[in-house]
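Per-entry structural report
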Amino acid sequence: MNALVPTPGQTVGPFFGYALPYPGDAALVPPGTPGAIQLRGRVLDGRGQPVPDALLELWQAGPDGSVVQQPGSLRRDGWTFTGWGRASTDNEGRYSFTTLPPGTAPGSTAPFFALTVFARGLLDRLFTRAYLPVEDGALDRDPLLAALPQDRRDSLIATRAGSGYVFDVVLQGDGETVFLTYPGQPPR
Amino acid sequence: MTLTAGQSERHEAAPTSSDAASTTQAEISTEIARLRVDYERERRTDGERTGPLLDYPPYRSSLLRHPTKALQHADPEGVELFAPVFGQRDVDPLEADLTIQHGGTPVGERLVVTGKVVDGDGRPVRRQLVEIWQANAAGRYIHQRDQHPAPIDPNFTGVGRCLTDADGVYRFTTIKPGPYPWRNHRNAWRPAHIHFSLFGTDFTQRLITQMYFPGDPLFDLDPIYQSIRDQSARDCLVARYDHDVTQHEWCTGYRWDIVLTGGFRTPMEQEQV
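**Re the domain arrangement of chain B**
All names here are of chain B. For chain B, the assigned domains read domain 1 (5–62) and domain 2 (86–272). One C-alpha centre belongs to domain 1, the other to domain 2, and the line joining them spans 26 Å. Each partner contributes to the interface: domain 1 provides 21 residues, whereas domain 2 provides 15 residues.

**Quick notes on the environment of Y59 of chain B**
Within the fold, Y59 of chain B resides in the loop between α2 (25–46) and β1 (72–73). By the C-beta count within 10 Å, which is 29 here, Y59 of chain B ends up buried. Separated by 193 residues in the primary sequence, Y59 of chain B and T252 of chain B place their C-alpha atoms 32 Å from one another. For Y59 of chain B, the residues in contact, after removing those within four places along its chain, are L123 of chain A together with N184, P223, I224 and S227 of chain B.

**Examining the sheet that holds strand β3 (residues 129–134) of chain B**
Residue and element names in this part refer to chain B. Reading across the sheet, the four strands line up as β4-β3-β8-β9 and stay open at both edges, with antiparallel pairing between neighbours. Looking at strand neighbours, the two that pair on one side only are β4 (159–163) and β9 (207–212), the edges of this open sheet. Sheet twist, expressed as the mean angle between neighbouring strand axes with direction ignored, is 20°. Here strand β8 (residues 193–198) pairs with β9 via six bridges, running antiparallel. The partner of I194 across the bridge, within β9, is M211.

Conventions adopted
- Residues numbered from 1 in each chain as written.
- Chains lettered and ligands numbered in written order.
- Predicted model: local features only at pLDDT ≥ 70, side-chain atom pairs only at ≥ 80, totals over all residues.
- Domains from an automatic or database assignment.
- Contact = placed C-beta atoms within 7 Å.
- Helix = DSSP H or I, 4+ residues; strand = E, 2+ residues; numbered from the N terminus.
- Buried ≥ 20, exposed ≤ 12 C-beta atoms within 10 Å, placed from the backbone.
- Pairing = 2+ DSSP bridges.
- Axes fitted to C-alpha atoms, helices over the stretch in contact; angles between N-to-C directions.

Rendered as structure tokens:
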């Protein structure tokens, strides 16, 4: 997989707040767009305390399951759905994206948001998936979810709430979110 | 990554809370040295581990912010086999020069840092986003939470962006950042560094890291740098001075190449995207 040694990651640190966020970062579609949903939640540490200096990135298929390959995420024009966004947590550890619900991408079994988590104190980024709570049996057929015990599986399924979904990221401890590693990631 | 018995033992033996004001550098350095001995022993049986530990107690903020359960192996699928696309719409070429963002010239050693972004097989990562941020020459960030009593430079924000070119090459003009104190322990100082944020051709290649400068006397003392336990992997984060990048009567030059993981799609698939 890797002929070369991958460059190791390092923590995003405490001072990314003036560098990585940008206007419209968490709004993949303008608020009020027909069909828009909110994906929101909290990032919590091992004592259940909010993490106010975390950054989440979201990458998703369009509502029809297509993988979008369009520029414009950093300077949104209000019309182009790029499938990618970035959200910082607030003082209560809360994040929120305004987006469209993902469809099931080619090669996937169930619709999910792919998420990357960064934070001060987190020495390397974490990957996870926030699955939509669909009831058509797709979640039961999903290979990743099927490989997990029930109590851990639930940490990857967003819950329906109001005009969207809630997905908490628990970095450690009770209800710890399942984080993913992919083939070829450097051993620690 | 897997959480080995050795790692969990080390965690249990470590303090679960920190009194940053009273822990000395000597105590932190002792913890670092102990973990280094553990690694040398593990390396002989398990091989090299080039990623940073997520559970690295000398970095106190990691104590409550690392997963305790093993990461779940997943085969990338669907959107994970692709990365977001960025283009000239997203990034102005002037954003690659951090020394021209204000009315005047920032204080400090002007330098160019350039290098090539490749995937694990050495294929260039073309026309992809690179973001950087850093302290100014005095070691101060333009950030409300940075209370280090060093001067803010009105001519330096310390944020840059660029797209790699058709060969995967990025290039920034900036100022050499200063080292700065932080509150991990008493008299804690970070080696001078530039934060780098990188995307590949797959979602799974996403990387945020820090680039350091050669010969920094703070390397051995710094728990963030030392969280990568393998010396050869730590060396990957250190740029090298390159006189061919240095410009006559203008600036010094550093070269730092970046290797992303993986690349799950074949080059032909990538061309079709």
